[in-house]
Amino acid sequence: MPPRFYVDQPLGPSSSEPSELSLPPSAARHVQVLRLQPGSPLTLFDGSGAEWQAEVLAMGRSEVRVHLQARQLVQRELRQHITLALAMPANDRMDGVVEKATELGGSAVQPLMSERSVLRLSGERAEKKQAHWRGVAIAAAEQCGRTRIPEIGAVQSLASWLAGLGPQPATQRRWLLSPTAAQPLQALAAAQAEASHTLVLSGPEGGLSPAEEDAAEVGMLMVKVSTVPYRVVFTMVVVCAKLVCVTVEEEEENEEGKEEDDDAAEEEDVDDDEQF
């Protein structure tokens, strides 16, 4: 399988007219690190939902030119949008959340700071971390075959993020994860599978403060996740994976139902033809 590279520029809508382009610096460096040569095949994507088969034309010290051969529309995204909002864990564990959320099909990751957060970022440091996490998402998308890059939100406080949420759309469900909640994740994920967007909020490993939990609970349903001790990274991956499983199962059931309806329609057509 040819290596895949994300190109941070529109590659164009046309699939009938091959074209040439110089890869942006990040993709060019990646090609050079892999020691690809003129004639080597590769796959490019720009985050629009399509991918392009391409071929290396020329390699320079800082420039790599490629020939776009064909554009292919591929459907690898989940029907349901999943947003993970979490108080940032310390050290580099946020990288793991972004990586696994991307691989599982998540749509967005929102880094937050709560009263009990250990990691606190602002200004240039926060912007650099956001860019770093976007790079983690891009690398994961290149490896797992996704054609869209999850949105990585700017670091902000939990209070300001909650204030900016706005009214809850009818097709969206909002969950606040808590080890003390009454509603189990298993039942809720299956019972509300018709939602097209799930927003999941998690506090830090020390939990949200009582005031923060009260503020979040106003617009969210508290959901119990049985992970003892509570670990943010593991919990968010478990919740995302469960949502993915439910979504995929529903899509498969819908597809089977559609096939059964098509078969029934074909049988009716045959019976009508036999009557004549």
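Worth saying up front: this structure is predicted, and the values here are computed from it rather than measured.

1. What about the packing of helix H2 (residues 93-104) against helix H3 (residues 123-144)?
Part 1 of the reasoning: One can describe the packing of H2 onto H3 by two numbers: an axis separation of 8 Å at closest approach and a directional angle of 35 degrees. The chirality of how H2 crosses H3 is right-handed. Every residue of H3 that contacts H2 at Met94, Asp95, Val98, Glu99, Thr102 and Glu103 is listed here: His132, Trp133, Val136, Ala137, Ala140, Ala141 and Cys144.
Part 2 of the reasoning: Partitioning the contact of H2 with H3 into residue classes produces 8 nonpolar, 2 polar and 3 charged.

2. Quick word on the environment of glycine 145
Part 1 of the reasoning: Inspection of the secondary structure puts glycine 145 in the loop between H3 and strand E8 (151-152).
Part 2 of the reasoning: Looking at glycine 145, the relative accessible area reads 11%, which means it is buried.
Part 3 of the reasoning: In the structure, glycine 145 is positioned 42 residues away from glutamate 103 in sequence and 8.6 Å away in space, judged by C-alpha atoms.
Part 4 of the reasoning: Look past the residues within four positions of glycine 145 in its chain and what remains in contact with it is Arg4 and Arg76.

3. Brief notes about the packing of aromatic side chains
Part 1 of the reasoning: The tally for this structure, following the rule as stated, stands at 1 aromatic pair.
Part 2 of the reasoning: Each ring, one from tyrosine 6 and one from phenylalanine 45, has its centre 5.6 Å from the other, and the planes form 55 degrees; the classification is tilted. With a gap of 39 residues between them, tyrosine 6 in strand E1 (residues 4-6) and phenylalanine 45 in strand E3 (residues 41-45) connect regions that are remote in the sequence.
Part 3 of the reasoning: For tyrosine 6, a relative accessible area of 8% translates into the label buried.
Part 4 of the reasoning: Residue placement shows arginine 4 over the ring face of phenylalanine 45; its charged tip is 4.4 Å from the ring centre.

Criteria and thresholds
- Residues numbered from 1 in each chain as written.
- Predicted model: local features only at pLDDT ≥ 70, side-chain atom pairs only at ≥ 80, totals over all residues.
- Heavy atoms only, no water.
- Axes fitted to C-alpha atoms, helices over the stretch in contact; angles between N-to-C directions.
- Helix = DSSP H or I, 4+ residues; strand = E, 2+ residues; numbered from the N terminus.
- Left-handed = near helix turned anticlockwise from the far one by under 90°.
- Contact = heavy atoms within 4.5 Å.
- Nonpolar A, V, L, I, M, F, W, Y, C, P; charged D, E, K, R; others polar.
- Buried < 20%, exposed > 50% of the residue type's maximum accessible area, 1.4 Å probe, protein only.
- Phe/Tyr/Trp six-rings, centres within 6.5 Å; stacked < 30°, edge-to-face > 60°.
- Lys NZ or Arg CZ within 6 Å of the ring centre and 35° of its normal.

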